[in-house]
Structure formats: structure tokens, C-alpha cells
Amino acid sequence: MRAAMGMRNFLSELGCLPVSAMIHVPKAQEVMTENGSFNDQSEQDSWFNYFSRTFTQLAWWAEAAQQQKLTQNPTEVLSSFTKDPSQRNAPK
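## Side note on the overall build of the protein
Then, in step 1: Of regular secondary structure, the protein possesses four helices and zero strands.
Then, in step 2: Along the protein, helices (α) and strands (β) appear in the sequence α-α-α-α when read from the amino end.
Then, in step 3: Looking at the protein as a whole, 9% of its 92 residues qualify as buried.
Then, in step 4: Of the contacts made within the protein by residues no fewer than 6 positions apart, 38% connect residues no fewer than 24 positions apart.

Okay, here's the thing in C-alpha cells:
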């Protein structure tokens, strides 16, 4: 959990759009098998409902970014770093 929170800032700096809905599976070794299926199939629907919040938000952001990219090329708005990240806010 702590690592995920720290990764949000890091991913944002890389230009990623991390979604706010996070997936937490406490004691994942008790919930899932080694191949990724659920130990208790009766709880599978509740887990899928839980996961769907994050995946729905991710799909929304992906579609929004795709639509925005069609209207405006991001490389025309923001110039790329040519030397190092210290160029970010430094006027010449």
C-alpha cells in the first residue's frame, strides 16, 4: 500500500495518469490460487465488482486521453527534454 502511494507521484512525473481507485487484496494468498483464480468461487462476483471500479475508471481515462490526442497533438503543446530534466522549469 505504501509503495503504491509513492509510485503515484513517480508515475505522474513520467506522464502517466494513475487512477484514484486502487485495488487492495488483503491476504491475496488466501483469496487467490497460484494461477490467479479465486479460491472461493462464490466470492468471485464480489471481487469482480470491486475490481470493476478501478478498471472502469482506467478505461474512462484511456478513452478521454485518446479523444484529446485526436484534437491536439501533445508533442506540439509540450516540448521534449533534449538534455536532462533540469530543463523543465529553467528559462534560458
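## Overview of unusual backbone geometry
Then, in step 1: Of note, Lys27 is a non-glycine position whose phi angle comes to about 50°, a positive value.
Then, in step 2: Topologically, Lys27 is positioned in the loop between helix H1 (2–13) and helix H2 (28–31).
Then, in step 3: Classification of Lys27 by relative accessible area gives exposed; the value is 55%.

## Remarks on the confidence of the model for the protein
Then, in step 1: Mean pLDDT over the protein: 80, with 83% of residues reaching 70 or higher.
Then, in step 2: Mean pLDDT per element in the protein: helix H4 (residues 74–77) is the minimum at 75, and helix H3 (residues 44–71) is the maximum at 90.

## Details of the side chain of Arg8
Then, in step 1: Within the secondary structure, Arg8 is located in helix H1.
Then, in step 2: Owing to a relative accessible area of 19%, Arg8 belongs among the buried residues under this scheme.
Then, in step 3: Within the structure, Arg8 has its side chain in polar contact with the backbone oxygen of Ser20 (distance 3.2 Å).
Then, in step 4: Beyond its immediate chain neighbours, meaning those up to four positions away, Arg8 contacts Pro18, Val19, Ser20 and Met22.

## Digging into H1
Then, in step 1: When the terminal C-alpha atoms of H1 are compared, their 18 Å separation across twelve residues agrees well with the 16 Å that a helix rising 1.5 Å per residue should span.
Then, in step 2: Gly15 occupies a position one or two residues after H1 and carries a positive phi of about 95°.

## Observations regarding a nonpolar patch on the surface
Then, in step 1: A cluster of nonpolar side chains, contributed by Ile23, Tyr50, Phe55 and Leu58, occupies part of the molecular surface with about 350 Å² of accessible area.
Then, in step 2: Structurally, Tyr50 can be placed in helix H3.
Then, in step 3: A relative accessible area of 32% places Tyr50 in the partly exposed class.

Parameters and conventions
- Residues numbered from 1 in each chain as written.
- Predicted model: local features only at pLDDT ≥ 70, side-chain atom pairs only at ≥ 80, totals over all residues.
- Heavy atoms only, no water.
- Helix = DSSP H or I, 4+ residues; strand = E, 2+ residues; numbered from the N terminus.
- Buried < 20%, exposed > 50% of the residue type's maximum accessible area, 1.4 Å probe, protein only.
- Contact = heavy atoms within 4.5 Å.
- pLDDT = per-residue confidence, 0-100.
- Polar contact = N/O pair within 3.5 Å; in protein donor to acceptor, adjacent residues only side chain to side chain.
- Expected span 1.5 Å × (residues − 1).
- Patch = residues over 30% accessible without salt bridge, like charges linked within 9 Å, V, L, I, M, F, W, Y side chains within 5 Å.
- Areas by Shrake-Rupley, 256 points an atom, 1.4 Å probe, with all protein chains shown as cover.
- Salt bridge = Lys/Arg side-chain N within 4 Å of Asp/Glu carboxyl O.

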